[in-house]
Every structure is written in C-alpha cells, then in structure tokens.
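# Fold and geometry: a report
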Amino acid sequence: HKVLMKSLFDPHSPMKLRLHALPSLITWGLKFLYNSSTARYGAASVNSYLLAAYSIRETTKLANTLNLSYQANNCGSMKVFRDKAAMKAPLELARRLSDYGLNFKVLDTDGAINQEPELAGIKQQIAGAIWYPDDESGDAYLFCQSLKEHLVNMGCIVTTGARVNKLTVMGGRISGLVVDGEIRPADRVIIAAGNGSDALARTAGLSFSIRPAKGYSLTLHRGNQTSWPRLPVVDDHMHAAVIPLGDRLRIAGTAEFTGFDTAIRKDRIDNLFNLLDGIYPHIARNIDRKNARSWAGLRPMNADGLPLIGATAIDGLYVNSGHGHLGWTQAVGSAKLLTHIMLGEKPQISPTAFNPSR
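Moving on: the overall build of the chain. Looking only at helices and strands, the chain has 10 helices and 15 strands in total. Here the C-alpha atoms of the chain give a radius of gyration of 21 Å, agreeing with the 21 Å that 2.2 N^0.38 yields for 358 residues. Principal axes of the C-alpha set define a box for the chain whose edges measure 65 × 45 × 45 Å. Across the 358 residues of the chain, 48% fall into the buried class. Sequence-distant contacts in the chain: of pairs separated by 6 or more residues, those separated by 24 or more amount to 71%. Carbon together with sulfur atoms contributes 54% to the accessible area of the chain, which is approximately 18500 Å² in total. Looking at charge distribution, the chain has the averaged site of its 40 positive side-chain charges lying 4 Å from that of its 30 negative ones.

Okay, structure coming up:
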C-alpha cells in the first residue's frame, strides 16, 4: 500500500493509483489489504502456482493436439535483479513453491548473461537472476485466433461484438440471458466477462470483488537488427517484462488503478521505452520507435489475488473470472477445472481455493 500511495505523485512508478479511481476501490481495497498479509499472500501464491502449472501443461497438450500456431517459445523465462537484497523475497517464494513442483535455478551475473547473451550490455548492473526453465511464452492473440479457427471448423458458433444486457433467473435457477435486447434461453451460463463480470453478476443479484488494473504493452519490430533476445526477461524493479515473439519484441507490464479508463498515456509508454533502454540499450538505440504499437488493457483482479472458478449460489450459473495478469497463463487450466466441476467429475487439482463463495 505504501507503493500505491507514493505512486499518486510519481509518474514513473511501476504501480500507479489515480485519484479518480479511489471511490470504486474502497471496499475492494480493504479486502485487498486484508489478503495482503504474509500468510494469506503465501497461501494464494501456492494455489496460483498450482493452477498456472496445471494450465501450462494443459495448454501445451491442447496446442499439440490441435496444432495451434502462436509463436510458442519454450526457452523458459528469467527474472533479473539490480541488487541482491531484492532477490530475497522472490527466492524465498521460489523455494517454497519448489515443494509443489516449481523448477528454478539461481544465477549469478555470468550465469544470467549465459542464459541471455543480449544482457551483456548491462552486465555491471545485474546482481543476479532466477531462471525458470519450464516457463513458456507466446502470442495470446494468435493463440485465440488459432483456437477460434479450429472451433469454427468443428461447427461451433463464435459470436463477437454482442452485448449481454443481463442474466435471467427463475426460481433460483438460471433461465437464460438477454443479448442485444433479445432473450436467449439457457440451462447453464458461465460468466467469463473479465472486468464486466461483476456488473453482469449484479443483474442476477450476485456480486464479485473484481476490479480493473490497467496494464500496458509496447510491440516493436526487429527491422534489420542483427542481435535479438532468445527468452523473456522480467525486470524486478520495473515489474515489467521484455518478451521476444519471433521478429517482434513485446514490452509488457506496470499496473495502473484508474477505473475503466483504457486511454494510453504517454508517460506510461515512455516507462516501457525506458525499460527497454535499461535492459537492452543496444536494441533501444536502433529500434524504429515510430512503428511501435502501443496497447493498454484492463486486467480483472480479484481482491484476494485468485480467480473465481466454479458454481455460484444460483443453480446453473458458473463463473470463471478474476485472473489478473495471469489470464492467458491460467486460461486453459481454469476452463478444464470448470469443465470437471460442471460435469461432476473429480478435477486434477483442488478447486477449493477458487470457489466463488469463499
């Protein structure tokens, strides 16, 4: 919370709280602070990891089965630190998660450079790193496009651009929904509307503690650059990552609490350019900034840091939302977990921590 309060006056803070968003965050913020204790954060981290690890396995399995194309990269990822003191908490968490299957390796400066040679330009600034060899990366948009094409070929109907006005309930059971003013009967409905999930749930008398946290990304094209990173690198100080996607480089991260405002602010994009310069100065000097693509999106964050997955208090109504910055990471696993719940099957991981009624 100290970081957020300081961010009110610091335009370069990796986390940013806008004053106009405060009223909508009061109740959510109290729940967030309640769940920020060491014990609750530790428990949430374990459950979040278990879902993420399960999801990565299922994502790989799905991608291989359907031959999905999304510029997948299985080189792992690495978090770099500018001072050794900053490594303490992430390292303690990694060691705790290793009991649940996390594979990681602590690297010194030379080890970090060996994993990602393009970091040689800032060798003197790297105090150490943690490498996660099992991590994978790719383009989430291409993944969704490829999956959509497969579903359409199977005969599924995918409708986009439609507005769900409200849910309809009869006798404590879901009866359907209203889409663009038209009633659509349904025996089962899944609320998976990101930051719109709470508003939609309220039409059925429910409420979710999900609020938007804006994240930014910057996508750059390689052009004629001869050197290029091979794996995603996370800068611990800036809470952002530089991810190679074929001949593109995506810089993503920072968190801004600004309500539902999706405007792209220049100072936040400048932060990402500065991050690139701070990690890969030789690339930043030669990149064509005019062709850079800026983007901002709202991450749906649940107050306790874990998504809501499962049945609601209304018979036939389910929810799968609130994944924060781990949306794609946990997407396939969350869908699989919810499928098992809906079919009355035993899930491969415990659904208790994600129960919407918790």
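Once the structure has been displayed, the description carries forward.
Of all residues in the chain, 92% attain a pLDDT of 70 or more, and the chain-wide mean is 91. Between residues 1-9, whose pLDDT stays under 50, and residues either more than four places distant or in other chains, the model counts 14 contacts.

Moving on: the nonpolar core. Ranked by size, the top nonpolar core spans 32 residues in total, and within it Met-78 and Leu-119 carry the most contacts. Looking at this core, the elements that each hand over two or more residues are strand S2 (77-81), helix H5 (109-115), strand S4 (128-132), strand S9 (210-221), strand S11 (240-245), strand S12 (248-257), helix H8 (266-279) and helix H9 (281-286). Sorting elements by how many residues they give to this core places H8 first, with 6 residues. The residues contacting Leu-119, other than those within four sequence positions of it, are Met-78, Val-80, Ala-112, Ile-113, Ile-126, Val-233, Ile-279 and Tyr-280. Counting residues in hydrophobic clusters, the runner-up holds 17 residues, among them Ile-191, Leu-200, Leu-206 and Val-319.

Before going further, it helps to spend a moment on the pattern of salt bridges. Scanning all chains against the criterion turns up 16 salt bridges. A salt bridge links Arg-250 to Asp-139; the shortest N-O distance between them is 3.9 Å. Placement of the pair is Arg-250 in strand S12 and Asp-139 in the loop between S4 and helix H6 (140-153), with a sequence separation of 111 residues. Grouping residues by exposure puts Arg-250 and Asp-139 together as buried. Among the ionic contacts, a cluster of salt bridges with common partners joins Glu-58, Lys-61 and Lys-336.

Taken as a whole and assessed by the stated rule, the structure comprises 5 aromatic pairs. A centroid spacing of 5.1 Å and a plane angle of 15 degrees characterise the contact between Trp-28 and Phe-32, whose relative ring orientation is stacked. Taken together, the residues span about one helical turn, with Trp-28 and Phe-32 both in helix H2 (residues 22-34) at a distance of 4 residues. For Trp-28, a relative accessible area of 4% corresponds to the buried category. Ring centres of Phe-143 and Trp-328 lie 5.5 Å apart, and the angle between their planes is 55 degrees; on these two criteria the pair is classed as tilted. Note that Phe-143 is positioned in helix H6 and Trp-328 in helix H10 (residues 327-343), a separation of 185 residues in sequence. By relative accessible area, Trp-328 is classed as partly exposed at 27%. The structure contains a cluster of three or more aromatic residues connected by ring pairs, namely Trp-28, Phe-32 and Phe-257.

Cut-offs used in this document
- Residues numbered from 1 in each chain as written.
- Predicted model: local features only at pLDDT ≥ 70, side-chain atom pairs only at ≥ 80, totals over all residues.
- Heavy atoms only, no water.
- Helix = DSSP H or I, 4+ residues; strand = E, 2+ residues; numbered from the N terminus.
- Rg over C-alpha atoms; globule rule 2.2 N^0.38 Å.
- Buried < 20%, exposed > 50% of the residue type's maximum accessible area, 1.4 Å probe, protein only.
- Contact = heavy atoms within 4.5 Å.
- Areas by Shrake-Rupley, 256 points an atom, 1.4 Å probe, with all protein chains shown as cover.
- Lys, Arg positive; Asp, Glu negative; His and termini not counted.
- Charge placed at Lys NZ, Arg CZ, Asp CG, Glu CD.
- pLDDT = per-residue confidence, 0-100.
- Core = buried A, V, L, I, M, F, W, Y, C linked by side-chain atoms within 4.5 Å.
- Salt bridge = Lys/Arg side-chain N within 4 Å of Asp/Glu carboxyl O.
- Phe/Tyr/Trp six-rings, centres within 6.5 Å; stacked < 30°, edge-to-face > 60°.

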